[in-house]
Amino acid sequence: DSHIQYERVGADVTMKCGSMDWDAAVTWTANGTDIDESHLNGSYLILKKVDLTQSGQYSCYEGSSWHLKYQTYLRVGTPPKEPLLMCRSNNYPKGFYCSWHLPTPTYIPNSFNISVIHGTKEMVCEKDVFPKNRCHIRYLQLFSTVKYKVTLTVTNALGKNSTTLTFDEFAIVKPDPPESVVAKPVPNNPRRLEVSWQNPSSWPDPESFPLKFFLRYRPLILDQWQHV
């Protein structure tokens, strides 16, 4: 019978050899390598202040017969810190997406749950297959003065944490950069350039929601930008 045992970095860990008595003669191995008897208290395995390198498969055998009596997979990690959450609409007025990540790894599996509420209505956040840390929400009502509230909760075997964003519909609108940007010299005018570009393909309705573009430039030998 194999188990998974999760422990925090720095914790003291005690493992029992299944149903074996405390004074039974046993041998413990870690990833197939014998563990020195100095780590035993009777038949119990004692690991002090575990670190990430001690993750692995631990097995306990009856002393004389070498019958396997207990096996566990030790996963050393940390509880999650407060996740970082960002929401943005790059295809207004269709909807917006939220993406998230942890500021530091936990070294063990994490599960994420996201809740999106508009007023009193909970909205569906359709998760992407890839990347896995992103989901999309469709606007149900445009020009709403009611704020959106997005809560992300991360959970693993050692703890949980969460963060919440509250925002107005327009506050997260941020188009993608322009596409097909081309700069070419103007014939017979060596001091001038002609610059052209196209709306980002992700922007669905540029006629109803026209974008404003800002152009800045500078010669390579100068540090200061010029604006158009």
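Relevant structure appears above.
The notes below deal with the structure included here. The model shown is predicted, which means the values in this text are computed figures rather than measured ones.

Reading guide: rules and limits
- Residues numbered from 1 in each chain as written.
- Predicted model: local features only at pLDDT ≥ 70, side-chain atom pairs only at ≥ 80, totals over all residues.
- Heavy atoms only, no water.
- Helix = DSSP H or I, 4+ residues; strand = E, 2+ residues; numbered from the N terminus.
- Pairing = 2+ DSSP bridges.
- Axes fitted to C-alpha atoms, helices over the stretch in contact; angles between N-to-C directions.

Below, the discussion takes up unusual backbone geometry. The step from Tyr92 to Pro93 runs through a cis peptide bond, and the omega angle for that step is 15°. Note that Pro93 resides in the loop between strand 9 (84-88) and strand 10 (95-101). You will see that Trp66, though not glycine, has its phi angle at about 55°, which is positive. Tracing the backbone through its elements, the reader meets Trp66 in the loop between strand 7 (56-62) and strand 8 (68-77). The backbone of Phe143 shows a phi angle near 60°, a positive value even though the residue is not glycine. Among the secondary structure elements, Phe143 is positioned in the loop between strand 14 (134-138) and strand 15 (148-156).

With respect to topology, four strands assemble into an open sheet ordered 12-11-15-16, the strand pairing being antiparallel. Each edge of the open sheet is held by one strand with a lone partner, namely strand 12 (121-123) and strand 16 (159-167). Recorded for the sheet is a direction-independent mean angle of 25° between the axes of neighbouring strands. Note: strand 11 (residues 111-118) against strand 15, eight bridges, orientation antiparallel. Residue pairing across strands places Phe112 opposite Val154, the latter belonging to strand 15.

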